[in-house]
Amino acid sequence: MAPERETRERAAGGAGAPARPRLRLDQPQPPRRRLLPEYDPEAFGRLSERIARFLGTGRFIVWMTFVIILWVVWNVSAPRDLRFDNYPFIFLTLMLSLQASYAAPLILLAQNRQDDRDKVNLEQDRKQNERSIADTEYLTREIAALRVGLGEVATRDWIRSELEDLVKELEERRRDGDGDGPADRPFDRPGDRRGVFPADHPRGRDVDDR
């Protein structure tokens, strides 16, 4: 009864409250409006790397030197009405400072991106090294197992030595058994007519009569 009462009280209390919109979890939420302009970090990073790479070349130094010389020569030798930056060239100093203030962050951004790439490459190299070490250990174990297995396999030399030992043993047995075996009996020799009957076999009557 208590759970039903709590349910009724909640329903009665929420009857006068404004209904909240139900959120659909199966649909994406609409994008929020932002006051600041959006930009692509990857595109900006690639642009900064290009600028930093250009700032670190000899071409940029040559062009900057040419512009500064032309700036100074124009503001010194040109007519007074056409000069836009008289000595001590304050506007030129301001432009160079502005260039340096923008170049330093761009160079740092390019370095950070390069550091991130280096970290990814190092992580990939570490994983590759781990896989190589694992493969090497596996191959080492397999080679050791093959060596152990080959140690138990009968080789040609081992079989030859065993056969030679067996032949020697048979020859020794034959030498030790000369004159004692049944092969030395006269009735066991081929071509001997006396071998028809054994020596211990009683001869027939007709033989005694003869």
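Preceding block: the structure.
Now for a look at the structure at hand. (Residues numbered from 1 in each chain as written. Predicted model: local features only at pLDDT ≥ 70, side-chain atom pairs only at ≥ 80, totals over all residues. Heavy atoms only, no water.)

Overview of the overall build of the protein
- Helix and strand content of the protein: 6 helices and 0 strands.
- For the protein, the α and β elements follow one another from N to C terminus as α-α-α-α-α-α.
- Residues classed as buried in the protein amount to 8% of the 210 residues present.
- The long-range fraction of contacts in the protein, counting pairs at least 24 apart against all pairs at least 6 apart in sequence, stands at 42%.
- On the protein, roughly 20,200 Å² of surface is accessible, and the fraction owed to carbon and sulfur atoms is 58%. (Helix = DSSP H or I, 4+ residues; strand = E, 2+ residues; numbered from the N terminus. Buried < 20%, exposed > 50% of the residue type's maximum accessible area, 1.4 Å probe, protein only. Contact = heavy atoms within 4.5 Å. Areas by Shrake-Rupley, 256 points an atom, 1.4 Å probe, with all protein chains shown as cover.)

Looking at the packing of aromatic side chains
- Applying the stated criterion across every chain, the model contains 5 aromatic pairs.
- Ring geometry for W71 and F84: centres 5.0 Å apart, planes at 75°, overall edge-to-face. In this pair, W71 is assigned in helix α3 (residues 58–77) and F84 in the loop between α3 and α4 (90–151), connecting sequence segments 13 residues apart.
- By relative accessible area, which is 15% here, W71 ends up buried.
- Among the residues examined, F84 registers a relative accessible area of 48% and is labelled partly exposed.
- An angle of 85° between the planes, with centres 5.7 Å apart, marks the rings of Y87 and F89 as edge-to-face.
- Grouping aromatic residues by their ring pairs yields a cluster made of W71, F84 and F91. (Phe/Tyr/Trp six-rings, centres within 6.5 Å; stacked < 30°, edge-to-face > 60°.)

Remarks on α3
- When the terminal C-alpha atoms of α3 are compared, their 28 Å separation across 20 residues agrees well with the 28 Å that a helix rising 1.5 Å per residue should span.
- Of all the positions in α3, only F60, W71 and N75 are classed as buried. What you see down the axis of α3 is that its buried residues fit within an arc of 15°, all on one side. In this structure, α3 carries R59, V62, F66, I69, V76 and S77 as exposed residues pointing more than 90 degrees from its buried face.
- Buried residues belonging to α3 abut α2 (41–55) and α4. (Expected span 1.5 Å × (residues − 1). Arc of directions from axis to C-beta.)

Here's the deal with the side chain of S48
- Mapped onto the fold, S48 is located in helix α2.
- Judged by relative accessible area, which is 1%, S48 ranks as buried.

A closer look at unusual backbone geometry
- Here Y87 and P88 are connected by a cis peptide whose omega angle stands at 15°.
- Relative to the helices and strands, P88 resides in the loop between α3 and α4.
- Positive phi values are uncommon outside glycine, yet F89 reaches one of about 60°.
- Within the secondary structure layout, F89 lies in the loop between α3 and α4.

Note that all results are geometric; they support no functional claim without further evidence.
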